[in-house]
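Observations on chain architecture
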Amino acid sequence: MNYSFYQKNQSGIPNFEGFSESLHISSEEDNPITQGQRPRELNTDNSTSIQPTVVLVQPVDDPTNKSFLSNEIKLAKALAASTFGNWGIGKITKNLGRNLLVVTMDRHYEDPSELLKITEIGPWKVKCRLPASQSPSVGVIGPFGADTSNEDLTEALKEAGFKGALAERIFKGKDKIKTSMFKVIFDSNSLPPYVRIGYQQYRVNTYIGKPWQCYKCQRFGHSAAFCRSAPCCVLCSGPHTSNECNKTTGRICCKSIYIHRIEAYAGGGVAILDRSDVTCTEVQLTKFFSSCLEVLGINIYLQNGTPLSVLCAYNPNKIVTTRELMHYTNQLQPARVVVGEFNAHHPMWEPTKPANTTDRNIAQMLLDDPSISLITPPSLPTYYNVYQNSFSTLDLAFVSANFQPTVAVTTEEDMGSHHYPVVTSIGVPPSTAGFRKWSTWKFGSGTWENWTAALQQPELQGMDDQQREFTNFTSNLIEASHKVFKKTKEYTWPKKDQATPGGALWLKRLDIASQRLSLCPFFL
């Protein structure tokens, strides 16, 4: 018996979510346990469409089964001595979170019923089952008119031959703004390249939903149930959970604008979070006629009233022309900052790598527009290629030439992505507005019977002075409330109130935004 251990799944084997350790077992012909003991005729078709048989093994809920996945050598020997070893094991994978073992056989079996009857592996009692044979695929199609309902499109898909398809319109943002695109769940393992509905052909793109975020460490890609990282508070970013946070002041909420990409080749999204006490407005950008970049922009007002434009851009690995770059930068204020992932290499910021078309176009933009400068340090590692074990500078930052001495670009610690967080700091303070948290009555702290008893009998002195009578009446109610009920604290944040040049509309937006909470500080 030959045992070999490795840490990551290899290609060609089904990828089961959450598995962190793997054990590979290969049976050789001289193995006395498996030699000549294959139980039945197997399907020997070598077509790539036929996958090896996969069996899920889970220990029965018993105190003696706690060591099922804790001893790899003992488990491997027990598997080799069982029916699994007789039939031929290709690979096993452990899921420590679910206490589950995935056994991938070395070939495809037409009838694996004998494997499903296994109830014991060595000293452990187990139950075996097959994984789901099919998982639905989710795609996006469109555009469709505003009057098209979910039922209409679902019925049209069934008429087009997709019997198990289910359509649902996509809405954008918290305000549930209706879009022209539909999310479609297909009852198949793969998406069709297109669908024909109403004599028209619609391309089917992969649906990219909201990322899976851990509410313990606030990172993406896993849940809090299996999180081993240190906690991070979503309210104040402190090293504790949100339920343990006792910070009642200094929280700054954020507003957000974003573009959510639904194309399969693009993935992800572009977003800007601006702190709600910072005076800023969204820039309504005119789209380039053959746009490749995805862009968002805001104007941040500085304390001297000067607007500073911030443009966030993403290049989904396409060729970006100099005209397109100039088209967007020309729509910004003279004071401007352009940041984003441009997927470009150039000796100007990566001396060791050759340039391509997009890189040369960016360099040409810097030559054509002397008012804007590149401030990303040469060879700043912003991206890590796990396959080539190398770093690249894909995230760039540009600023107006007069702001260049006040700007610094740095990277933060790894947060679980191929890209490192890039912080562009500008040494100019923005204009901010303060929020006031009014105190409110806590009616649950007392009873209305006690409040009624605390009321003083009014002194009726006639209606000659109505203002005095009104003052006495309201004072009586407030005094009784103070005796019986408690109040919440009243506070204002930030401590320094700054003038707001945005006017009444902006103050109204700030008042609405102050009711929301977010974790993002003011970083460009």
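This section reports on the structure supplied with the text. (Residues numbered from 1 in each chain as written. Predicted model: local features only at pLDDT ≥ 70, side-chain atom pairs only at ≥ 80, totals over all residues. Heavy atoms only, no water.)

Read across the open sheet, the four strands follow the order β9-β10-β8-β13; overall the sheet is antiparallel. The open sheet is flanked by β9 (166-172) and β13 (205-206), the only strands paired with a single partner. Where β9 lies against strand β10 (residues 177-186), six bridges are found, and the strand directions are antiparallel. The partner of L166 across the bridge, within β10, is I185. Where helix α4 (residues 150-159) meets the sheet, it contacts β8 (137-141), β9 and β10, and its direction lies at approximately 140° from that of β9. (Pairing = 2+ DSSP bridges. Helix = DSSP H or I, 4+ residues; strand = E, 2+ residues; numbered from the N terminus. Contact = heavy atoms within 4.5 Å. Axes fitted to C-alpha atoms, helices over the stretch in contact; angles between N-to-C directions.)

Between its terminal C-alpha atoms helix α8 (residues 466-484) stretches 28 Å, which fits the 27 Å expected from 19 residues at 1.5 Å a residue. Of all the residues in α8, the buried ones are E469, N476, A480, S481 and V484. Relative to the axis of α8, the buried residues are bounded by an arc of 125° and lie together on one face. (Expected span 1.5 Å × (residues − 1). Buried < 20%, exposed > 50% of the residue type's maximum accessible area, 1.4 Å probe, protein only. Arc of directions from axis to C-beta.)

The next subject is the side chain of T329. If you trace the backbone, T329 turns up in helix α5 (residues 322-329). According to the relative accessible area criterion, T329 is buried, its value standing at 5%. Ignoring any residue separated from it by four or fewer positions in sequence, one finds T329 in contact with R336, V338 and M365.

Let us now look at the pairing of strand β5 (residues 100-105). On any regular strand, side chains alternate: one points to one face of the sheet, the next to the other face. For β5, the tally of buried residues reaches six of six residues, placing the bulk of the element in the interior. Note: strand β4 (residues 89-95) against β5, six bridges, orientation antiparallel. Pairing of N95 across the sheet is with L100, part of β5. Between the end of β4 and the start of β5, which pair antiparallel, lie four residues, with N99 showing a positive phi angle near 50°.

Bringing the packing of aromatic side chains into the picture now. Centre-to-centre distance and the angle between the planes together describe a pair of aromatic rings. Per the stated rule, a full pass over the model turns up 13 aromatic pairs. Centre to centre, the rings of F68 and W124 are 5.5 Å apart; their planes meet at 85°, and the pair counts as edge-to-face. One end of the pair, F68, is in the loop between β3 (54-59) and α1 (72-80); the other, W124, is in strand β7 (residues 124-129), with 56 residues separating them in the sequence. The burial state of F68 is the same as that of W124; both residues are buried. An aromatic cluster is present here, built from F443, W448, W451 and F485 joined pairwise through their rings. Geometry around Y207 places K183 over its ring, the cationic atom sitting 5.0 Å from the centre. For the cation-ring pair, K487 lies above W441, with the distance from its terminal atom to the ring centre recorded as 4.7 Å. (Phe/Tyr/Trp six-rings, centres within 6.5 Å; stacked < 30°, edge-to-face > 60°. Lys NZ or Arg CZ within 6 Å of the ring centre and 35° of its normal.)

What the rule picks out here adds up to six salt bridges. For E114, the salt bridge is made with K117, and the minimal N-O distance between the two is 3.6 Å. Under the relative-accessibility criterion, E114 is labelled partly exposed at 32%. In this structure, the salt-bridge partner of K183 is E168, at a minimum N-O distance of 3.9 Å. Taken together, the residues K183 in strand β10 and E168 in strand β9 connect sequence positions 15 residues apart. (Salt bridge = Lys/Arg side-chain N within 4 Å of Asp/Glu carboxyl O.)

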